[in-house]
Amino acid sequence: MAGAIVTIGEILVEIMAVEKGNGFLAPQPLIGPFASGAPAIFIDQVGRLGHPAAIVSAVGDDDFGRLNLARLREDGVDVSAVAIHPGAATGSAFVRYRPDGARDFVFNIRDSASGRIDLDSEALAVLAQAGHLHFTGSSLGIPAILGIAERAVDIVKSRGGTVSFDPNVRKELLGDPGFRRALEAVMAATDILLPSGDELHLIAGVEDEAEAVRSLLARGVAEIVLKRGAGGASHFDRTGRTDAPGFVVEEIDPTGAGDCFGATYLVCRRQGMPVAEALRYANAAGARTVTVKGPMEGTSGFAVLDAFIATTKGAGA
Ligand code: ATP
Ligand code: MG
């Protein structure tokens, strides 16, 4: 599968509180496990679109791992580089929405199987076939991934491949010197940056949007695709700017929108579509995701996206 899109990062299950409220301090109804993990959602969407896709990750020898592997396989993702660690449990995230839309989490990632991700022979075999490597900021909190990111980048870039990065940054993490160093290392290799909200400013260190874009392009980022939630997205490169409106939908569950957006944008561009068309598909993939409950339940292939675009307001066509 030459030219595959490959990602490195955590595979998790997500377990959601049924009722809104504050955290997990009392027994309550829960629903799950759902297949999850930002890199896993991203690569599932790549697979759904029919593009060669693989993930370097790790799970435990348990049902949470089996559920994820079955799901990724079914959607066309090569999971040969997902190590199964008998001594570790698959990662998990418990999430509960507050009445104001904010979220409380209980994560088990660093100490789960995902904390043991390594460049073993299966991972190296997958990277040897990669045309593109994608990172998600959520993975940069895992020390094991910091240790292998640079080597993986070198392998893919030495063969003429490209690198994308979705910062998924939380302000709290930026204060951590280890995270900041990892962020700088990945940024130095990034060809396509996929920020949302104020991540553009946090990374560039400048408030003004245009100035932040200029400074990142000057640093060597070839393309910036800024996600604007319901407002759609904007694309920037050296030749200028392209805006694409969002689709009008009812938001049920925002988790996974950014990952599905990024995956769809990258696949469309690798298939040779112009920026405007790639943005339309990416906006459609993001919008469809938020209408479905569950982090990975809203991934969609081209047939579903075409139908969605044809029947949803705001295509901007
Ligand atoms: P995530 O919560 O997954 O990290 P993000 O913050 O990276 O998401 P967003 O801008 O929230 O990124 O969403 C990504 C894309 O999904 C948007 O650019 C848009 O195309 C689509 N999208 C997200 N929310 C909505 C919405 N409420 N209505 C329509 N489209 C949406
Ligand atoms: Mg995001």
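Up top is the structure.
Read on for a plain summary of the structure. (Residues numbered from 1 in each chain as written. Chains lettered and ligands numbered in written order. Predicted model: local features only at pLDDT ≥ 70, side-chain atom pairs only at ≥ 80, totals over all residues. Heavy atoms only, no water.)

1. Quick notes on the site of ligand 1
What counts here: One heavy atom within 4 Å of a molecule or strand makes the whole residue count as near it. For this analysis, a polar contact is any N or O atom pair within 3.5 Å, provided that within protein one partner can donate a hydrogen and the other can accept it, and provided that sequence-adjacent residues contribute only side-chain to side-chain pairs. Under the convention used here, a 1.4 Å probe and the Shrake-Rupley method define accessible areas, while residue burial counts only the protein chains that appear. Secondary structure elements are defined from DSSP: runs of H or I of at least 4 residues count as helices, runs of E of at least 2 residues count as strands, and each element is numbered from the N terminus.
If you check the shell around ligand 1, you find 19 residues, and the closest are Ser-196, Gly-229, Gly-232, Glu-251 and Asn-283. Note that an oxygen atom of ligand 1 is positioned 3.3 Å from one of the side-chain N or O atoms of Asn-168. The contact in question runs from an oxygen atom of ligand 1 to an N or O atom on the side chain of Lys-227, over 3.0 Å. When ligand 1 is considered free in solution it has 630 Å² of accessible area, and contact with the protein chains removes 86% of it. Contributing elements (two or more residues each) for the shell around ligand 1: α9 (257-270) and α10 (275-290). For the shell around ligand 1, the element with the most residues is α10, which contributes four residues.

2. Comments concerning the environment of His-85
Note the following rule: Contacts: residue pairs with any heavy atoms within 4.5 Å of one another.
With respect to the secondary-structure elements, His-85 resides in strand β6 (residues 82-85). Expressed as a C-alpha distance, the spacing of His-85 and Ile-117, which sit 32 residues apart in the sequence, is 9.7 Å. The contacts of His-85, once residues within four sequence positions are left out, are Ala-58, Val-59, Gly-60, Asp-61, Ala-113 and Arg-116.

3. Details of unusual backbone geometry
Spelled out, the test is: Between buried and exposed lies partly exposed: a residue is buried under 20% and exposed over 50% of the maximum accessible area for its type, with that area taken using a 1.4 Å probe on protein chains only.
Looking along the chain, the bond that leaves Gly-32 and enters Pro-33 is cis, with omega of 0°. Unlike most non-glycine residues, Asn-168 shows phi in positive territory, near 40°. Within the element layout of this structure, Asn-168 appears in the loop between β10 (162-166) and α5 (171-174). Accessibility expressed as a relative area gives 31% for Asn-168, which makes it partly exposed.

4. So, the side chain of Arg-96
Operational definition: Residues scored as charged are limited to Lys and Arg (positive) and Asp and Glu (negative), so that His and the chain ends carry no count. Definition used for salt bridges: Asp or Glu carboxyl oxygen within 4 Å of a side-chain nitrogen of Lys or Arg.
The topology assignment puts Arg-96 in strand β7 (residues 91-97). No salt bridge is formed by the buried Arg-96; its nearest oppositely charged neighbour, Glu-19, is found at 4.9 Å. Among the polar contacts listed, one links the side chain of Arg-96 to the side chain of Gln-28, at a separation of 3.2 Å. Beyond its immediate sequence surroundings of up to four residues, Arg-96 is in contact with Ala-17, Glu-19, Lys-20, Gly-21, Asn-22, Gly-23, Phe-24, Gln-28, Ala-102, Arg-103 and Asp-104.

5. So, the environment of Asp-259
Along the chain, Asp-259 falls in helix α9. Sequence-distant contacts of Asp-259, defined by excluding residues within four places in its chain, comprise Ala-38, Ile-41, Phe-42, Thr-136, Asp-166 and Asn-168.

6. A short note on the pattern of salt bridges
Summed over all chains, the structure comprises 14 salt bridges. Of the charged contacts, one joins Lys-227 and Asp-166 as a salt bridge, the two residues approaching to 2.8 Å between their closest N and O atoms. Separated by 61 residues along the polypeptide, Lys-227 in strand β12 (residues 223-227) and Asp-166 in strand β10 bring together distant segments of the chain. As a salt-bridge pair, Glu-209 and Arg-228 come within 2.8 Å of each other at their nearest N and O atoms. Of this pair, Glu-209 sits in helix α8 (residues 209-218) while Arg-228 sits in the loop between β12 and β13 (233-237); the two residues are 19 residues apart in sequence, bridging distant segments of the chain. Note on Glu-209: relative accessible area 22%, which makes it partly exposed. Residue Arg-228 is classed as partly exposed on the basis of its relative accessible area of 31%. Among the ionic contacts, a cluster of salt bridges with common partners joins Asp-44, Arg-48, Arg-71, Asp-75 and Glu-297.

7. What to know about the sheet that holds strand β8 (residues 103-108)
The criterion, for reference: Strands are labelled as partners when DSSP assigns at least two bridges between them. What counts as an axis is a line fitted to C-alpha atoms, over the stretch in contact for a helix, and the angles between N-to-C directions run from 0 to 180 degrees.
Reading across from one edge, β3-β2-β7-β8 is the order of the four strands in this open sheet, with mixed pairing throughout. Where the open sheet ends on each side, the last strands, each with one partner, are β3 (30-36) and β8. Ignoring strand direction, the axes of neighbouring strands in this sheet form an average angle of 20°. Relative to β8, β7 is paired through six bridges, and the arrangement is antiparallel.

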